[in-house]
Amino acid sequence: MTSLRNIVVLTGAGVSAESGVPTFRASDGLWEGHRVEDVATPEAYFRNPTLVHEFYDARRAKLLSVEPNPAHGALARLDSEWPGDFLLVTQNVDDLHERAGSKRLIHMHGELKKGWCLACDERFAWDGAMGENAACVSCGKAGEARPDIVWFGEMPYEMERIDDALRRCDLFVSIGTSGAVYPAAGFVQTARYCGARTLEINLEPSQGSLFFDERRYGPAGELVPIWVEELLGG
């Protein structure tokens, strides 16, 4: 590992779940009691914006009752202390990585605490309930703001930057992900093809576990701090 320089870490719902953030999709396929088609597509938003706003307003409010866990803290430490290139890519839309101190971070699926104005195309910070009549903080127009969340059928954010980092990294680490949601599920194959070593940290084997050189199974809050200590101490 002496030549290890560049690291890409992918995190998923399993990391935030240990802080008490509900995983979006339950075993019955419903997203917190709703069908995906009703709350997580552009069509759902234009069909019933009231329901969609209520859904995301509730999830935004939930953030007030949760705190970063040791996995978030360990990744923030790695971000701060790692001397090479480092990129943390999260599928999570909460703000727990930021609250733990992470800086070199991409929210590929958007952020609960941001809005997107469909009138002027600006994205902006947002706290509290948004609702149908929220006014854009940039252009001032009301009724055109939606949650800045990547819904099904939409392109995840900063894919070119992510792909470039994956192709240049020496180590790719996937933490708390199912390996079922693309394009994130394919990141390990890109990194591996380009010569990176690969590590999976998860409660159980993901759907793409065979692509990882090393696998560690157990709670992220326990395993991630151990891994980070090994990396920075070794």
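Source: prediction; values computed, not measured. (Residues numbered from 1 in each chain as written. Predicted model: local features only at pLDDT ≥ 70, side-chain atom pairs only at ≥ 80, totals over all residues. Heavy atoms only, no water.)

What to know about the overall build of the protein chain
Applied cut-off: Secondary structure follows DSSP: runs of H or I at least 4 residues long count as helices, runs of E at least 2 residues long count as strands, and numbering of each begins at the N terminus. Note on contacts: a residue pair qualifies if any of its non-hydrogen atoms lie within 4.5 Å across the two residues. For accessible areas, the Shrake-Rupley method is used with a probe of radius 1.4 Å. Any residue's cover is judged against the shown protein chains and nothing else. When charges are counted, Lys and Arg are positive and Asp and Glu negative, with His and the chain ends excluded. Positions of charges follow a simple convention, taking NZ of Lys, CZ of Arg, CG of Asp or CD of Glu.
Across its full length, the protein chain holds nine helices and nine strands. The C-alpha extent of the protein chain, read off along each of the three principal axes, is 55 × 40 × 35 Å. Of all intrachain contacts in the protein chain linking residues separated by at least 6 positions in sequence, the fraction that spans at least 24 positions is 63%. Split by element, the accessible area of the protein chain, about 11,100 Å² in all, is 50% carbon and sulfur. If you average the places of the 23 positive and of the 35 negative side-chain charges in the protein chain, the two averages end up 2 Å apart.

As for the sheet that holds strand β2 (residues 86-90)
Spelled out, the test is: What makes two strands pair is DSSP finding at least two bridges between them. Lines fitted to the C-alpha atoms define the axes, with helices restricted to the stretch that makes contact. Angles between their N-to-C directions range from 0 to 180 degrees.
Taken together, six strands build an open sheet; the order of strands is β3-β2-β1-β7-β8-β9 and the sheet is parallel. For this open sheet the edge positions go to β3 (105-107) and β9 (214-217), each flanked by a neighbour on one side alone. Ignoring which end each strand starts from, the neighbouring axes of this sheet average 15 degrees apart. Seen against the sheet, helix α5 (residues 70-81) touches β1 (7-11), β2 and β7 (171-175) and runs at an angle of roughly 150 degrees to β2. This element, helix α7 (residues 159-168), spans β1, β2, β3 and β7 of the sheet and lies at about 130 degrees to β2.

Some words on the UniProt feature "active site" (unreviewed entry) in the protein chain
Test applied: UniProt positions are given in the numbering used here, feature names are shortened, and annotations may be inferred rather than shown by experiment. The classification of residues rests on relative accessible area computed with a 1.4 Å probe and restricted to protein chains. Under 20% of the type maximum is buried, over 50% is exposed, and intermediate values are partly exposed.
UniProt tags His109 as "active site" (unreviewed entry). Locating histidine 109 in the fold gives a position in the loop between β3 and β4 (110-117). Among the residues examined, histidine 109 registers a relative accessible area of 15% and is labelled buried. The contact partners of histidine 109, leaving out residues within four places of it in the chain, are Thr90, Gln91, Val93, Asp148, Ile149, Val150 and Pro156.

Some thoughts on the nonpolar core
Threshold: For this analysis, a nonpolar core means a set of buried residues of the types Ala, Val, Leu, Ile, Met, Phe, Trp, Tyr and Cys, connected via side-chain atoms within 4.5 Å.
Counting residues in each nonpolar core, the largest one holds 23 residues, and the members touching the most others are Ile7, Val9, Val173, Ile175, Ile201, Val224 and Trp227. Those elements that provide at least two residues to this core are β1, α5, β2, β7, β8 (197-202) and α9 (220-233). Excluding residues that lie within four positions of it along the chain, valine 173 makes contacts with Val8, Val9, Leu10, Leu199, Ile201 and Trp227. Of all hydrophobic cores here, the second largest spans 17 residues; its members include Met108, Cys169, Ala191 and Phe212.

Some remarks on the packing of aromatic side chains
Filter applied, for reference: Between 30 and 60 degrees the pair is tilted, below 30 it is stacked and above 60 it is edge-to-face, where a pair is any two Phe, Tyr or Trp rings, Trp via its six-membered ring, whose centres lie within 6.5 Å. Put simply, a charge is over a ring when the Lys NZ or the Arg CZ is close to the ring centre, within 6 Å, and near the line of the ring normal, within 35 degrees.
This model, assessed by the stated rule, comprises six aromatic pairs. Among the aromatic residues, those joined into a cluster by ring pairs are Tyr45, Phe46, Phe55, Tyr56 and Trp151. For arginine 123, the ring lying beneath its charged end belongs to tryptophan 116, and the centroid distance is 4.1 Å.

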